[in-house]
Each structure stands twice: as structure tokens, then as C-alpha cells.
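Survey of secondary and tertiary structure
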Amino acid sequence: MAKVLVCDDDKEIVEAIEIYLTQEGYEVLKAYDGEEALKVLKAGGVDLLVIDVMMPKLDGIRATLKIREENNMPIIILSAKSEDADKILGLNVGADDYVTKPFNPLELVARVKSQLRRYTQLGSTVDAEKKSVYTVGGLMIDDDLKEVTVDGEFVKLTPIEYNILLLLVKNQGKVFSIDQIYESIWNEDAIGVDNTVAVHIRHIREKIEINPKDPRYLKVVWGVGYKVEKI
């Protein structure tokens, strides 16, 4: 049974989310501000975090920043704000998904399921070999261990970042449009997703490239999309 931590200063929202997630078989842990969420996470065992942005003591953005220093679990941010800038901010600090209030609880449950599926079965297929290692130059992805190294140094990626990089590395030389990347990773129709994909691409570059402005691995093909160059 996966454990989901729900953090929001509105107890009614937390209880409503708990009802829907419990019905789907998840164990729900609860917190009502960022500091309390960090304490729950330190105890371990949490598989996914749903966290509100605007909270007392420690807001969702700063809490996510702290969590990402040590933990790559999927994080879904909740916020009453719907502007693109706020969505980008959430993704910039390491969130994997963003849900705007008011939201349909069934949609949130679907997103929780999707994130947990990616987190536990990143890149796996029914016919996958027991050992799946992909290399490009000094970049290596061990898909059995879900590990990424560059020149022997381990690189910590979020589940979404890992999936994007794995998709491109497994298809070296092939150019994927932004819409193709989004639909492959998020399993949703791509509508106005340019910023969402671009933010994750930038994060991947910052982690795997010596000079993100002059990338060796993750290349942009202007007007078309992105690819991992064959080396």
C-alpha cells in the first residue's frame, strides 16, 4: 500500500483528499504546514507528497526546495493560483505536477496514480530485459537500478526528469517535439505545454551538462524539438 502525505492548512481539503485516496487503497498521512510535512517525511515511508503552496510557517515552495535536497519522491503542488508563472515556479523548485484549486478530486487521484506508477516503474516494459543500461558518451542510465551517472558521478533526477532523459537516450538521434515528449511522459494530450517541458529540459541540462548553455548531450533542434545526440 503506497503512502501519500497530504499537506494543506485547510483541514477540510485534507480530509476530502484523504477520503478519495483511501477509497483507492492508499494510506494517507496528514500535515497542515510545511514544517509538519518535513517532520513526517523524516520518519520515512512516504511514497508521494501532495502539498499546498500558501501555508503558515513554511510554504509549499520552500518546503519542496528542502525536500528536493534529499528526496526524489513525486511531488504534486496545489495552489489557488492559475497563472503560468506560478506553475513554472512550482516546477522550477522540483515539483512533478501542479493542480489548480478548485480541483476535481478524481483528477487529483488520477494524477497521484500516474505519478506513483512512473516512480515505481520508470521506463519499465513487460518485455524489458533484466539488465537495461543505456550509454551516451560519459552519460549512463541503469534502468534496473534507476540510476544516472555522468563521468562516473551520480546525478539525482526527479521521476519526470528521469523519464524524459530515458526517453531521449533510448532513442538517440531522434528528435522529439515538445508535444511528443509531453504525451509520452504525462500520458495526456499536449495543450499549451511548452513551458512545462522546457522547465524540465532546463533542469536536466543543469544536472548532466558541464555547460548547460552549450550542451553536449541534450540538444535543441530549433523549431522542431529536442534530442540526445549520438556520441
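Note that this is a predicted model, so its numbers are computed, not measured.

Conventions we followed
Residues numbered from 1 in each chain as written. Predicted model: local features only at pLDDT ≥ 70, side-chain atom pairs only at ≥ 80, totals over all residues. Heavy atoms only, no water. pLDDT = per-residue confidence, 0-100. Contact = heavy atoms within 4.5 Å. Patch = residues over 30% accessible without salt bridge, like charges linked within 9 Å, V, L, I, M, F, W, Y side chains within 5 Å. Areas by Shrake-Rupley, 256 points an atom, 1.4 Å probe, with all protein chains shown as cover. Salt bridge = Lys/Arg side-chain N within 4 Å of Asp/Glu carboxyl O. Helix = DSSP H or I, 4+ residues; strand = E, 2+ residues; numbered from the N terminus. Buried < 20%, exposed > 50% of the residue type's maximum accessible area, 1.4 Å probe, protein only. Pairing = 2+ DSSP bridges. Axes fitted to C-alpha atoms, helices over the stretch in contact; angles between N-to-C directions. Arc of directions from axis to C-beta. Phe/Tyr/Trp six-rings, centres within 6.5 Å; stacked < 30°, edge-to-face > 60°. Parallel < 35°, antiparallel > 145°, perpendicular 65-115°, else oblique. Nonpolar A, V, L, I, M, F, W, Y, C, P; charged D, E, K, R; others polar. 1 Å grid on protein atoms, 1.4 Å probe; cavity = no way out; pocket = protein on both sides within 12 Å on 5 of 7 lines; lining within 4 Å. Points joined across faces, edges and corners; volume = space filled by probe spheres on them.

Topic: the confidence of the model for the chain
The predicted coordinates should not be examined in detail at positions where pLDDT is low. When the pLDDT values of the chain are averaged, the result is 87; 94% of them are 70 or greater. Note on residues 123-130: pLDDT under 50 across the span, and seven contacts to partners over four residues away in sequence or across chains.

Points about a nonpolar patch on the surface
There is a patch of nonpolar side chains on the surface, built from I19, Y20 and L106 and spanning about 290 Å² of accessible area. As for its placement among the helices and strands, Y20 is situated in helix α1 (residues 11-23). Taking the relative accessible area as the measure of exposure, Y20 reaches 31% and is therefore partly exposed.

Digging into the pattern of salt bridges
When the charged atoms of two side chains with opposite charge come close together, those side chains can pair. Counted according to the given criterion, the structure contains 14 salt bridges. Connected via shared salt-bridge partners are D97, E107, R111 and E188.

Remarks on the sheet that holds strand β3 (residues 48-52)
The five strands lie next to each other as β2-β1-β3-β4-β5, forming an open sheet whose pairing is parallel. Edge positions in the sheet fall to β2 (27-31) and β5 (97-100), since each has one partner strand and no second. When the angles between neighbouring strand axes are averaged without regard to direction, this sheet yields 20°. Two elements, strand β1 (residues 3-7) and β3, share four bridges in a ladder whose sense is parallel. In the sheet register, C7 faces β3, and the bridge partner there is I51. Packed on one face of the sheet, α1 meets β1, β2 and β4 (75-79) and runs near 170° to β2.

Looking at helix α7 (residues 178-186)
Buried residues of α7: I178, I181, Y182, I185 and W186, and no others. For α7, the buried positions fall inside an angular range of 95° around the axis, keeping them on one side. The first or second residue beyond α7 is N187, which carries a positive phi of 60°.

Structural notes on unusual backbone geometry
In this structure, P102 follows K101 across a cis peptide bond, with omega equal to -10°. With a phi close to 60°, K146 is a non-glycine residue in the positive phi region. Relative to the helices and strands, K146 is located in the loop between β7 (139-142) and β8 (147-150). Looking at K146, the relative accessible area reads 29%, which means it is partly exposed. The backbone of D151 shows a phi angle near 55°, a positive value even though the residue is not glycine. Following the sequence through the fold, D151 ends up in the loop between β8 and β9 (153-155).

Focus: the packing of aromatic side chains
Inspection of every chain in the model, using the stated rule, returns one aromatic pair. Ring geometry for Y182 and W186: centres 4.5 Å apart, planes at 10°, overall stacked. On the criterion of helical spacing, the pair formed by Y182 and W186 is a turn pair, its members being four residues apart in helix α7. As far as the burial class goes, Y182 and W186 line up, both buried.

Observations concerning the packing of α7 against helix α8 (residues 194-208)
Helix-helix packing: each pair is described by the crossing angle between the helix axes and the interaxial distance. Taken N-terminus to C-terminus, the directions of α7 and α8 make an angle of 80°; their axes are 10 Å apart at the nearest point. Our classification of the angle between α7 and α8 gives roughly perpendicular. Packed against α7, whose contacting residues are I178, I181, Y182 and W186, the element α8 presents D194, T196, V197 and H200 at the interface. Here the contact of α7 with α8 is composed, by residue class, of five nonpolar, two polar and one charged.

Some points on empty space enclosed by the protein
Applying the stated criterion across every chain, the model contains one cavity of 30 Å³ or more. The calculated volume of the largest cavity comes to roughly 40 Å³. Surrounding the largest cavity, A16, I17, Y20, L21, F103, P105, L108 and V109 form its lining. The set of elements that each furnish at least two residues to the lining of the largest cavity consists of α1 and α5 (105-120). For the lining of the largest cavity, the per-class residue count stands at eight nonpolar, no polar and no charged.

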